[in-house]
Amino acid sequence: STTAFSHIPEHGFSLFLAKRTKTIHFVRHAEGAHNQANRAAGNDLPVTFSTHGSWDYVDARLTPQGIQQCVTVRRTLLNDVNPQLIVVSPFTRTLQTAHILFGGDRIP
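Source: prediction; values computed, not measured.

What counts and how
Residues numbered from 1 in each chain as written. Predicted model: local features only at pLDDT ≥ 70, side-chain atom pairs only at ≥ 80, totals over all residues. Heavy atoms only, no water. Helix = DSSP H or I, 4+ residues; strand = E, 2+ residues; numbered from the N terminus. Buried < 20%, exposed > 50% of the residue type's maximum accessible area, 1.4 Å probe, protein only. Contact = heavy atoms within 4.5 Å. Axes fitted to C-alpha atoms, helices over the stretch in contact; angles between N-to-C directions. Left-handed = near helix turned anticlockwise from the far one by under 90°. Nonpolar A, V, L, I, M, F, W, Y, C, P; charged D, E, K, R; others polar. Expected span 1.5 Å × (residues − 1). Salt bridge = Lys/Arg side-chain N within 4 Å of Asp/Glu carboxyl O. Patch = residues over 30% accessible without salt bridge, like charges linked within 9 Å, V, L, I, M, F, W, Y side chains within 5 Å. Areas by Shrake-Rupley, 256 points an atom, 1.4 Å probe, with all protein chains shown as cover.

### A look at the overall build of the protein chain
Working step 1: When helices and strands are counted, the protein chain shows four helices and zero strands.
Working step 2: Listing each helix as α and each strand as β along the protein chain from the N terminus yields α-α-α-α.
Working step 3: Relative to its 108 residues, the protein chain shows a buried fraction of 23%.
Working step 4: Within the protein chain, counting contacts between residues at least 6 apart in sequence, those at least 24 apart form 61% of the total.

### Points about the packing of helix H3 (residues 64-76) against helix H4 (residues 92-102)
Working step 1: For the pair H3 and H4, interaxial distance at closest approach is 8 Å and the crossing angle is 35°. Considering only the axes of H3 and H4, their crossing is right-handed. Counted together, Ile67, Cys70, Val71, Val73 and Arg74 of H3 and Thr97, Ile100 and Leu101 of H4 form the full contact between these two elements.
Working step 2: For the contact of H3 with H4, the per-class residue count stands at six nonpolar, one polar and one charged.

### Some details on H3
Working step 1: Helix length check: H3, at 13 residues, gives a terminal C-alpha distance of 18 Å against a target of 18 Å (1.5 Å per residue), a fit within 8%.
Working step 2: Where H3 is buried, its residues contact H4.

### Observations concerning the environment of Leu77
Working step 1: Along the chain, Leu77 falls in the loop between H3 and H4.
Working step 2: Taking relative accessible area as the criterion, Leu77 reaches 61% and is therefore assigned exposed.
Working step 3: Taking the C-alpha atoms as reference points, Leu77 and Leu101, 24 residues apart in sequence, are found 9.9 Å from one another.

### Here's the deal with the pattern of salt bridges
Working step 1: Taken as a whole and assessed by the stated rule, the structure comprises one salt bridge.
Working step 2: Put simply, Glu31 and Arg39 hold a salt bridge, and the shortest N to O gap is 2.1 Å.
Working step 3: Residue class for Glu31 comes out buried when judged on its relative accessible area of 9%.

### Examining the environment of Leu101
Working step 1: By secondary structure assignment, the location of Leu101 is in helix H4.
Working step 2: Here Leu101 falls in the buried class, since its relative accessible area comes to 7%.
Working step 3: Separated by 23 residues in the primary sequence, Leu101 and Leu78 have C-alpha atoms spaced 7.8 Å apart.

### Quick look at a nonpolar patch on the surface
Working step 1: Among the surface-exposed residues, Ile86, Val88 and Leu95 lie close enough to one another that they form a single nonpolar patch of about 220 Å² accessible area.
Working step 2: Here Leu95 lies in helix H4.
Working step 3: Overall, Leu95 belongs to the partly exposed group, its relative accessible area being 44%.

Structure follows, in structure tokens:
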């Protein structure tokens, strides 16, 4: 006997399995002030707590370029994406990214 979760190629695709699958999208935050600072310093090493001035970047906000990146992604890539759940870390830049991508037309 076969279970509902077995796949037998000659039986074709099971609609039962299709209804139980989920698509997961991973989105990294857009450009933050810390990314811009790294680029200005000539490297892309992560800012750490031992980096001079690092506390300015611990909870960096999106730059104007980062906000525009989000708007562009929302308009071009997310037309048919209707998430059931959005999971976001508590950093300001990730909250801003999620809000711009999925939270409506207002930009924080």
